[in-house]
Amino acid sequence: LSARTPARGWRGTDKKREMKSAFLSPPTPFFEAVPPLRTRTSSSLFLKAGLSPRLDGLDKPTVWHEFTPLATEHGAINLGQGFPDWDPPEFVVEAMRRSTDPKYGRHANQYARSAAHLPLAKVLAEDYSERFGFCVDPVTEVATAVGCTNALFCALQGLMFPGDEAILLEPAFDIYTAQVKMAGGTPKYVPLRAAPLSGYNHTANDMFKIDFTELEEAISPKTKVLILNTPHNPTGKMFSREELETIADIVKRNPQVIVISDEVYDHIVFDPIKSPHISIASLPGMYQHTLTLSSSGKTFSATGWKVGWAVGPPDLVRAVSSVQQWVTFSAPTPNQDAVAACLSQAKEPFGEFGSYYDYLASEYRRKRDLLSGALCSAGVSPIVPNGGFFIMGDTSEIEFPSHFMDEITVAMPASPMPRDWAMSRWMTQEVGVTAIPPSAFYGRNNLHLAQNLLRFAFCKDDETILEAQMRFKTYFEGSST
């Protein structure tokens, strides 16, 4: 822990709490301690160092490299990165045990079929056949990968030609931009616009709207891919049927465009009646235009298992499996086998709930409400998510010392430092709670849209969220007296 102890705020509490905060923040991986490059490296220097020009600018430290070590250094409650801080449920652990123990006869300890472990492909084909309303072939229309990130990488490498363009709806998960560039493509950004709303208790669906004229104008003959994410990270927005139908109409008028739909939060949905999860591939005429991606990590609280998949027509799925066979060859067989069992078991009653999926959504809804209350105690207005496990908070009512915006870090997306980036650094150091600045998810032209926002994760145990609330109250109530 840092030896620095402010005169006021959360660090004025007892030593026991400081020790607890050190436990709540994850340790800094060794690679994050390596001094990063201070300037953007030119292509000529890349060649001298033996690195491909495709990595030009992508070696720069990211938001994760900056804020995870900063949280650790200052003993802050880390509500930044999106991974659960609890173990998977027992039926998930048991599934892995059975997949690796020979006495259960799963035969899952050797290489899997490169395209997909067939038991998992069959379960996925059954699930998506039910979702889409027509038969999905497990052999030709399902591919698995080492997480959804790897499935996306394989898809972009397999589909994009040098000079192709990809439409990203901002704020967009930062991996999308990097992977488009690594595939030789050019990202084009279309931001979700904040609706002019007054008062409090707005949902992400209310707040974040897409300008469809702006979307269609961004499409050119070079556009190859549109990456859609629903439920959306970082906003928690879920695209409605009407919105998806409008996107589908635009794609049909531009038939060279392939939709890659990232749906990793598809089972974390808080009002399935008013705001259900809808796969764009299920809309009339869209299956042939869409590659649907998802994974098991968020659903089963096992992000380290890294099992993802792609479902779609054979020509699009082949783009994933053709790259996969030359990269990782296959995802780990025991992991795939265990996920197949988990997906089947998850439909069964779970405790007092009709299924594990019902329990999952209910538990995250409760945690969402718990963190929303904690944010209100800090003067942060939560933009209540309709799905996923992140909350965007409006910080426009909070003032903080302006000198934080004069700081320079190697990961910051622009100079001078954007307000949200500076606020997150201030909140980490002075309040003792870490959020992620959403400017990390915008291109340079739209950074201003993030200036009054922060992203908080509620995939944390109650003790962690309540500790964050206590620190908010300690700091802000103390500041007002």
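Residues numbered from 1 in each chain as written. Predicted model: local features only at pLDDT ≥ 70, side-chain atom pairs only at ≥ 80, totals over all residues. Heavy atoms only, no water.

### Remarks on the overall build of the protein
Secondary structure summary: the protein contains 15 helices and 13 strands in total. Counting over 481 residues, the protein shows a buried share of 57%. The contacts of the protein with a sequence gap of at least 6 include a subset with a gap of at least 24, amounting to 73%. (Helix = DSSP H or I, 4+ residues; strand = E, 2+ residues; numbered from the N terminus. Buried < 20%, exposed > 50% of the residue type's maximum accessible area, 1.4 Å probe, protein only. Contact = heavy atoms within 4.5 Å.)

### Some points on the confidence of the model for the protein
With 88% of its residues at a pLDDT of at least 70, the protein reaches an overall mean of 90. Counting interchain partners and residues more than four positions distant, the pLDDT-below-50 stretch residues 1-43 has 75 contacts. (pLDDT = per-residue confidence, 0-100.)

### Some remarks on the pattern of salt bridges
Per the counting criterion, the structure on display carries 20 salt bridges. Across the pair Asp 462 and Arg 366 runs a salt bridge, and its minimum N-O distance is 2.8 Å. With a gap of 96 residues between them, Asp 462 in helix 15 (residues 462-479) and Arg 366 in helix 13 (residues 356-376) connect regions that are remote in the sequence. The structure contains a network of salt bridges with shared partners spanning Glu 90, Glu 94, Arg 97 and Arg 98. (Salt bridge = Lys/Arg side-chain N within 4 Å of Asp/Glu carboxyl O.)

### Describing helix 11 (residues 314-327)
Along an α-helix, a turn takes 3.6 residues, which lines up residues three or four apart on a common side. Helix length check: helix 11 (14 residues) gives 20 Å between terminal C-alpha atoms against 20 Å at 1.5 Å per residue, within 8%. The set of residues buried in helix 11 consists of Leu 316, Val 317, Ala 319, Val 320, Ser 321, Val 323 and Gln 324. At its buried positions, helix 11 is contacted by strand 2 (142-145), helix 6 (147-159), strand 7 (258-262), strand 8 (290-295) and strand 9 (308-311). Where helix 11 ends, the next residue or the one after it, Phe 329, has phi of about 65°, a positive value. (Expected span 1.5 Å × (residues − 1).)

### Quick word on the sheet that holds strand 6 (residues 223-229)
A sheet is described by the order of its strands in space; here 8 strands give the open sequence 2-9-8-7-6-3-4-5, paired in mixed fashion. The sheet is open, and its two edges are formed by strand 2 and strand 5 (208-210), each paired on a single side. Sheet twist, expressed as the mean angle between neighbouring strand axes with direction ignored, is 25°. Where strand 7 lies against strand 8, 4 bridges are found, and the strand directions are parallel. From the neighbouring strand, Asp 262 faces strand 8, where its bridge partner is Leu 293. Packing of helix 7 (residues 174-182) onto the sheet brings it into contact with strand 3 (165-170), strand 4 (186-194), strand 6 and strand 7, and relative to strand 4 it is tilted by some 160°. Its contacts with the sheet place helix 11 against strand 2, strand 7, strand 8 and strand 9, and it is angled at close to 35° to strand 2. (Pairing = 2+ DSSP bridges. Axes fitted to C-alpha atoms, helices over the stretch in contact; angles between N-to-C directions.)

### Points about the packing of helix 5 (residues 118-132) against helix 12 (residues 333-345)
The contact between helix 5 and helix 12 brings their axes to 8 Å, and the two run at 30°. Looking at the two axes, helix 5 sits roughly parallel to helix 12. In this structure, the crossing between helix 5 and helix 12 has a hand that is left-handed. On helix 12, the residues touching Pro 119, Leu 120, Val 123, Leu 124 and Asp 127 of helix 5 are Gln 336, Asp 337, Val 339, Ala 340, Leu 343 and Ser 344. Looking at the contact of helix 5 with helix 12 residue by residue, the classes come out as 7 nonpolar, 2 polar and 2 charged. (Parallel < 35°, antiparallel > 145°, perpendicular 65-115°, else oblique. Left-handed = near helix turned anticlockwise from the far one by under 90°. Nonpolar A, V, L, I, M, F, W, Y, C, P; charged D, E, K, R; others polar.)

### Comments concerning the sheet that holds strand 11 (residues 390-394)
Pairing in this open sheet of 3 strands is antiparallel, and the strands run 10-11-13 from one edge to the other. The open sheet is flanked by strand 10 (381-383) and strand 13 (453-457), the only strands paired with a single partner. Recorded for the sheet is a direction-independent mean angle of 35° between the axes of neighbouring strands. Strand direction decides the pairing type here: strand 11 and strand 13, joined by 5 bridges, are antiparallel. If you follow Ile 391 over to strand 13, its bridge partner there is Phe 456. Set on the sheet, helix 13 makes contact with strand 10, strand 11 and strand 13; between it and strand 11 the angle comes to about 20°.

### Considering the pairing of strand 9
The alternating pattern of strand 9 places Gly 308 and Ala 310 and Trp 309 and Val 311 on opposite faces, both of which are buried. Where strand 2 and strand 9 come together, 4 bridges link them in antiparallel fashion. Within the sheet, the bridge partner assigned to Ala 143 lies in strand 9 and is Ala 310. Of the strand pairs in this sheet, strand 8 and strand 9 are connected by 4 bridges, and their pairing is antiparallel. Residue pairing for strand 9: Leu 293 is matched across the bridge by Ala 310.

### Quick word on helix 10 (residues 241-253)
Compared with the 18 Å implied by 1.5 Å per residue over 13 residues, the 18 Å span of helix 10 between its first and last C-alpha is a close match. Lining the buried residues of helix 10 we find strand 5, helix 9 (212-218), strand 6 and strand 7.

### Quick notes on the packing of aromatic side chains
All told, the structure shown has 30 aromatic pairs when counted by the stated rule. Ring geometry for Phe 270 and Phe 458: centres 6.3 Å apart, planes at 45°, overall tilted. Linking Phe 270 in the loop between strand 7 and strand 8 with Phe 458 in the loop between strand 13 and helix 15, this pair joins segments that are 188 residues apart in sequence. The exposure classification of Phe 270 matches that of Phe 458, with both residues buried. (Phe/Tyr/Trp six-rings, centres within 6.5 Å; stacked < 30°, edge-to-face > 60°.)

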